[in-house]
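Understanding the architecture of this molecule
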Protein chains: 2
Amino acid sequence: MPAAASELPGRGSDFLQLAVCDLPGGGKAEWLAGRLRQAIADGRLAVGSRLPPTRVLAAELRVSRGVITEAYRRLAEDGHLEGRRRGGTVVVAAPFASPDAGSRGGGRASGEATGATVRAGQGRPAQGESGTPRTTSGTPRTTVRGTVPPAEPDVPYSRTSGTVPPPPPSPLSPTSPFSRTPGPDVFDALRDAPATVDFTPGRPDLATFPRTAWLRAERAVLAELSAEHLGYGDPRGAPALRRAVADWLARMRGVRVEPDEVLIVAGTAQALTLLHQVLRTDGIDAVAVEDPGSLGGRQHLRNGGLATPPVPVDEEGVRVDALRATGARAVLLTPAHQFPTGVVTSGERRRELLGWARDGGLILEDDYDAEHRYDRPPVPALRALLADRVCYMGSVSKLLAPALRIGWLVAPPRYRADLVDAKRFNDLGNAVLPQLVLARLMESGGLERQLRLLRRRHRDRRDAMIAALAEQLPGGTVHGAAAGLHLTVTYAANVPDAEFAAAALTRGVKCQPLSWHRQLPGRPGLVLGYAASAPGAIAEGVALLGDTLRELT
Amino acid sequence: MPAAASELPGRGSDFLQLAVCDLPGGGKAEWLAGRLRQAIADGRLAVGSRLPPTRVLAAELRVSRGVITEAYRRLAEDGHLEGRRRGGTVVVAAPFASPDAGSRGGGRASGEATGATVRAGQGRPAQGESGTPRTTSGTPRTTVRGTVPPAEPDVPYSRTSGTVPPPPPSPLSPTSPFSRTPGPDVFDALRDAPATVDFTPGRPDLATFPRTAWLRAERAVLAELSAEHLGYGDPRGAPALRRAVADWLARMRGVRVEPDEVLIVAGTAQALTLLHQVLRTDGIDAVAVEDPGSLGGRQHLRNGGLATPPVPVDEEGVRVDALRATGARAVLLTPAHQFPTGVVTSGERRRELLGWARDGGLILEDDYDAEHRYDRPPVPALRALLADRVCYMGSVSKLLAPALRIGWLVAPPRYRADLVDAKRFNDLGNAVLPQLVLARLMESGGLERQLRLLRRRHRDRRDAMIAALAEQLPGGTVHGAAAGLHLTVTYAANVPDAEFAAAALTRGVKCQPLSWHRQLPGRPGLVLGYAASAPGAIAEGVALLGDTLRELT
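Residues numbered from 1 in each chain as written. Chains lettered and ligands numbered in written order. Predicted model: local features only at pLDDT ≥ 70, side-chain atom pairs only at ≥ 80, totals over all residues. Heavy atoms only, no water.

Points about the overall build of chain A
Across its full length, chain A holds 16 helices and 17 strands. Here chain A holds 553 residues, and the buried ones make up 61% of them. At a minimum sequence separation of 6, the contacts of chain A that also span at least 24 residues come to 75%. Carbon and sulfur atoms make up 52% of the accessible area of chain A, which totals about 19,800 Å². (Helix = DSSP H or I, 4+ residues; strand = E, 2+ residues; numbered from the N terminus. Buried < 20%, exposed > 50% of the residue type's maximum accessible area, 1.4 Å probe, protein only. Contact = heavy atoms within 4.5 Å. Areas by Shrake-Rupley, 256 points an atom, 1.4 Å probe, with all protein chains shown as cover.)

Laid out in structure tokens, this is it:
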């Protein structure tokens, strides 16, 4: 039900059922922004509709005009609204509600297929444009592009022959995490290795963890909590958090679910463990994976006894023809921001994927860092388009902290009861207090504030890393920097990346070799998390990487 | 190195390396009590040694005499110290440090074999004595004894024939949790059933959850936490909690382990899930279980593909001859306070069990509520006696709240690496913040304070329940009331217990039928948790149980 701009003044607040009387703590502007955001996500405020002038809505709601201005400002910051001088304030994108809504936002979402493309330079990357690499100083040095080149030569995967054999062990120190084919403890080994600069991907800026807000929410939870909540709870998770997650998914990811469909889990790692139990019962013995694709995800599936045939990723996303060729009935994907290449699945490729799923395929969608989009609104989740064939996974690991171990899994109805059983047997359900604290942070807008803060800080850090790489790794190519917490850099030098990473570690810089995340052969590279390091440390670490590579070549 | 009483004055504080300068927040008396407790557990203060007079130690430590008095009082309350007028204050028991230390404590631990025996009456049960049932009013009405009678007739378990078939379904409402053979969701169904009085066993007095102390500890943790702690952590658990648990186990359960041997898990449920993965890899396909024995434990093992042959429990504990006859290589036991009968494994039976284990058997020791002993110090864990053949499991579910989902697993070295892998694949490790908060509560003495508070409150509640049962269920027999959070009552009437429990639920009282926890046939009964209900609610609930049974017979 689109609301024409002319309808709103005079009855805007009625239409949106706004009433300040039920205003919770946390600020009127925050409250209003939340209600408007909800209305945009619901479709009550359609793209193109004009909001009431601030003075009109302020009078309606009997609040100061500053409250309205601030609420509009926040939504504009999120990319939902745009101020048009004469046209007033207009809804420009309901970016999370439908697959093509972004394109209605004044060209903001053009170039979706190569959405990860940004350009290096000495300053900030140009935003929201596409084209050939350039630097602002005019001298091309480091190429920044949307994707890792496909494997050359392209090795076809055969289900009978299993995966491509791992490369021969490199002549590294046996104590190095890089000295052998990475086993399940390789991430522990890397974490425990001493380093001065840590570019391990997958962690947000942990220094900004909202300690005060968390403690405040915990105090409120403890004050209100009834004793029964401290007993054995619903293995699906606390109802309050399931409601908050359903709301978050609708608003942020375009995924409409009932709270009862949400299963709270201990992160995506556990979601995969629950899934492999259930999928095997369903007769699925292989889950195809992206290549390059997350080593951790692959390890989890393999641990569950599933084969993980690799499917090449090109600049539009996973190759659906190759996916079909594997014969696998399920695939693990990171469509919003492919790990580790950063490719955003193109519209055409999405259509192909959905066709594959409609033919009986099952998509495990790991939406690990989709909210962290810098240059335009995030693309909606595949789950928003095809509920019956997508198991959707998300977590707060990239929004707040991996140490919280809270995530969610939304599965098609046929798997739901078995997944609840699996969760019950795994741990009887997540711990309740952190769930309730998180629910409060989500409902109060605290989590969205944190996301806005992270986006700003991460963008600065990304820019610092791209600038440093341009300086230190001339000839390298940066991939997937339009979103997320990491980027991938490939380089021309003939140095195996495990050797590069190992040598970097001896100089005190921690990162992951791209080859960890490959089953198929391909160019060497490094996966560099920038989000958890301050710009100064980033410059220092990248300089050490440059020294390392120069020494090795 | 025993410290004779004469050694202590003048150099007591040196000997114990006491120095108030490193005093943390939380009170000098608490600090001193903790150090003394540690010294008793370590053996630095041996049983029989005399502590310095309060005035001497106060002068040594330059604190007020009240601090010393208070510290001694707390240790006396725990059963570690005893004031003997002329003899001064003497260490009477290091009850958790060695299997027979309790017997040195002036006869406090006599009657160990039937440790669960208490006697009903109208007032508090007599403490620490044994004998035939009586009531203080002289009229025997309800028998209170240490064990549930063994199965009659005793049905031998045959591994090839599997378990005894379940009883035919009772003619109950299909929506009742009691209407069918209990499946994995039966505890959820019971939890969600509305009731006015909830006797579901397994929950402590949740109203006393130390909210203020928890929040204070969380504030301190958040203030001190480095950002790295918020990333992906050690799957074995936070080092601070593993240290605190190792310390707790030494002090409270006589179990000496290095922090590195402790695996933090999401409660005993998860410990069983991790174990069944690892045991199956080790070729173990059956884990014998006590009968009666926890339905939940059995369901977890079965879910892992393990057979669960039942072994009868008599008044001394699990029958080791029957255990041998099953041929199972492993057994799940609750030796400190058998669930649900409350039997404390006798000394003789322990020796038999350890013999079985030395012959190649593996004991999974679920030490679920061992700390909750009312009338004498808890018996030490089997793990303290035979480290190589015992997988020890404990949790804070009965000390603080099940909703925290924190427990620990200490396994023999041969299983340790595989268990860490299993934990990693399950969830990458427990959430970090609650671990650090709990570590603080353990280190500061907060958890021990909570345990003391719970013991007092639980004892009152237990007494209220026994008194009410004597009134309302004449002819019934109460089992296992010397410890724990629940008791079991068997009754003479010819009413199936599932039917009894179902009828009670329609009157608003929630409890578990004993038959849920049996594979072998046996007398009907109810398992009644008293810890989470106030004395008034207990009286009300038991009166409704009495009404129910009268109506059914």
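Remarks on the packing of aromatic side chains
All names here are of chain A. Inspection of the entire model under this criterion finds 10 aromatic pairs over all chains. Geometrically, the ring pair formed by Phe187 and Trp516 is edge-to-face, given 5.8 Å between the ring centres and 90° between the ring planes. Note that Phe187 is positioned in helix 5 (residues 186-192) and Trp516 in the loop between strand 16 (512-513) and strand 17 (525-529), a separation of 329 residues in sequence. Judged by centre distance (5.2 Å) and plane angle (80°), the ring pair of Tyr491 and Phe500 falls under edge-to-face. Each member of the pair Tyr491 and Phe500 is classed as buried. Members of the aromatic cluster, joined through ring pairs, are Phe178, Phe187 and Trp516. (Phe/Tyr/Trp six-rings, centres within 6.5 Å; stacked < 30°, edge-to-face > 60°.)

What to know about the relation of the copies chain A and chain B
The two copies are related by a screw operation: chain A maps onto chain B through 180° of rotation and 0.1 Å of translation along the axis, at an RMSD of 0.2 Å. Considering both components of the superposition, the chain copies are consistent with a two-fold axis. (Least-squares fit on C-alpha atoms with pLDDT ≥ 70 in both.)

A word on the confidence of the model for chain A
Residue and element names in this part refer to chain A. Per-residue pLDDT for chain A averages 81, and the proportion of residues at 70 or more is 78%. Confidence drops under pLDDT 50 across residues 94-140; counting only partners more than four residues distant or on other chains, this segment forms 106 contacts. Counting interchain partners and residues more than four positions distant, the pLDDT-below-50 stretch residues 146-171 has 52 contacts. Confidence estimates for the predicted assembly give a pTM of 0.76 and an ipTM of 0.75. (pLDDT = per-residue confidence, 0-100.)

Side note on the pattern of salt bridges
Scanning the model with the defined rule gives 58 salt bridges over all chains in all. Of the charged contacts, one joins A:Asp198 and A:Arg203 as a salt bridge, the two residues approaching to 3.4 Å between their closest N and O atoms. A:Arg414 is the salt-bridge partner of A:Asp282, the closest N and O atoms lying 3.2 Å from each other. Residue A:Asp282 is located in the loop between helix 8 (267-281) and strand 6 (287-291), and its partner A:Arg414 is located in helix 12 (residues 413-427); the two are separated by 132 residues in the primary sequence. Judged by its relative accessible area of 23%, A:Asp282 is partly exposed. Several salt bridges converge on common partners, so that one network encompasses A:Asp188, A:Arg191, A:Asp192, B:Asp421 and B:Arg424. (Salt bridge = Lys/Arg side-chain N within 4 Å of Asp/Glu carboxyl O.)

Here's the deal with the sheet that holds strand 5 (residues 262-265) of chain A
Residues and elements named next belong to chain A. Strand order in the open sheet made by the eight strands is 5-12-11-10-9-6-7-8, with mixed pairing throughout. The sheet terminates laterally at strand 5 and strand 8 (317-318), the two strands that pair on one side only. Examined bridge by bridge, strand 6 and strand 7 (residues 310-314) share three bridges and lie parallel to one another. Residue pairing for strand 7: Val289 is matched across the bridge by Pro310. Where helix 7 (residues 239-253) meets the sheet, its contacts fall on strand 5, strand 11 (390-395) and strand 12 (407-410), and the angle it forms with strand 5 comes to roughly 105°. Lying over the sheet, helix 12 contacts strand 5, strand 10 (362-366), strand 11 and strand 12, oriented at roughly 25° with respect to strand 5. (Pairing = 2+ DSSP bridges. Axes fitted to C-alpha atoms, helices over the stretch in contact; angles between N-to-C directions.)

Regarding unusual backbone geometry
Residues and elements named next belong to chain A. Of the consecutive residues Asp291 and Pro292, the connecting peptide bond is found in the cis state with omega at 0°. Tracing the backbone through its elements, the reader meets Pro292 in the loop between strand 6 and helix 9 (295-303). A cis geometry characterises the amide bond from Phe339 onward to Pro340, with omega recorded as 0°. You can see Pro340 is positioned in the loop between strand 9 (330-333) and helix 11 (347-358).

Digging into the environment of A:Pro235
By the element assignment, A:Pro235 lies in the loop between helix 6 (211-224) and helix 7. Each C-alpha atom, one on A:Pro235 and one on A:Gly546, is 49 Å from the other, the two residues being 311 residues apart in sequence. If we ignore the near neighbours within four places in the chain, the residues touching A:Pro235 are A:Leu263, A:Ile264, A:Val420, A:Lys423, A:Arg424, A:Leu428, A:Gly429, B:Asp188 and B:Arg191.

Brief notes about helix 12 (residues 413-427) of chain B
Because each turn of an α-helix spans 3.6 residues, side chains separated by three or four positions in sequence point in the same direction. Helix length check: helix 12 of chain B, at 15 residues, gives a terminal C-alpha distance of 22 Å against a target of 21 Å (1.5 Å per residue), a fit within 8%. Those residues of helix 12 of chain B that sit buried are B:Tyr415, B:Leu419, B:Val420, B:Ala422, B:Lys423, B:Arg424, B:Phe425, B:Asn426 and B:Asp427. (Expected span 1.5 Å × (residues − 1).)

Here's the deal with the environment of A:Arg455
Residues and elements named next belong to chain A. Within the element layout of this structure, Arg455 appears in helix 14 (residues 446-472). Classification of Arg455 as buried rests on a relative accessible area of 16%. Remark: the alpha-carbon pair of Arg455 and Leu32, spanning 423 residues in sequence, is separated by 22 Å. Setting aside chain neighbours within four positions, we find Arg455 in contact with Met252, Glu371, His372, Arg373, Tyr374 and Pro378. A distance of 3.4 Å separates a polar atom in the side chain of Arg455 from the backbone oxygen of Arg373. (Polar contact = N/O pair within 3.5 Å; in protein donor to acceptor, adjacent residues only side chain to side chain.)

Thoughts on a positive patch on the surface
On the surface, A:Arg216, A:Arg219, B:Arg216 and B:Arg219 cluster together to form a positively charged patch. Only helix 6 of chain A together with helix 6 (211-224) of chain B provide two or more residues apiece to the positive patch. Within the element layout of this structure, A:Arg219 appears in helix 6. (Patch = residues over 30% accessible without salt bridge, like charges linked within 9 Å, V, L, I, M, F, W, Y side chains within 5 Å. Lys, Arg positive; Asp, Glu negative; His and termini not counted. Charge placed at Lys NZ, Arg CZ, Asp CG, Glu CD.)

Digging into the pairing of strand 5 (residues 262-265) of chain B
Residues and elements named next belong to chain B. Burial of strand 5 is two-sided: the residues Val262 and Ile264 facing one way and the residues Leu263 and Val265 facing the other way are all buried. Looking at chain direction, strand 5 and strand 12 (residues 407-410) are connected through four bridges and run antiparallel. Residue pairing across strands places Leu263 opposite Leu409, the latter belonging to strand 12.

Regarding the sheet that holds strand 11 (residues 390-395) of chain B
Residue and element names in this part refer to chain B. Within the open sheet, the eight strands sit side by side as 5-12-11-10-9-6-7-8. Their pairing is mixed. Here the strands that pair on one side only, and so sit at the sheet edges, are strand 5 and strand 8 (317-318). Seen against the sheet, helix 7 (residues 239-253) touches strand 5, strand 11 and strand 12 and runs at an angle of roughly 105° to strand 5.

A look at the side chain of A:Arg518
Residue and element names in this part refer to chain A. Inspection of the secondary structure puts Arg518 in the loop between strand 16 and strand 17. Buried Arg518, no salt bridge; nearest opposite-charge side chain is Asp291, N-O distance 4.5 Å. Here the side chain of Arg518 touches Arg523 through a polar contact of 2.9 Å, landing on its backbone oxygen.

Digging into the interface of chain A and chain B
Contact with chain A, which involves 52 residues of that partner, is made by 52 residues of chain B. Where chain A packs against chain B, one counts two salt bridges. In this structure, B:Arg424 engages A:Asp188 in a salt bridge whose closest nitrogen and oxygen atoms are separated by 2.5 Å. Applying the counting criterion to the chain A and chain B interface returns 26 residue pairs in polar contact (both at pLDDT 80 or more). For the side of chain A that touches chain B, the elements supplying multiple residues, two or more each, are helix 5, helix 6, helix 8, helix 9, helix 12 and helix 13 (432-443) of chain A. Looking at the side of chain A that touches chain B, the element that brings in the most residues is helix 6 of chain A, giving seven residues. Looking at the side of chain A that touches chain B residue by residue, the classes come out as 25 nonpolar, 14 polar and 13 charged. (Nonpolar A, V, L, I, M, F, W, Y, C, P; charged D, E, K, R; others polar.)

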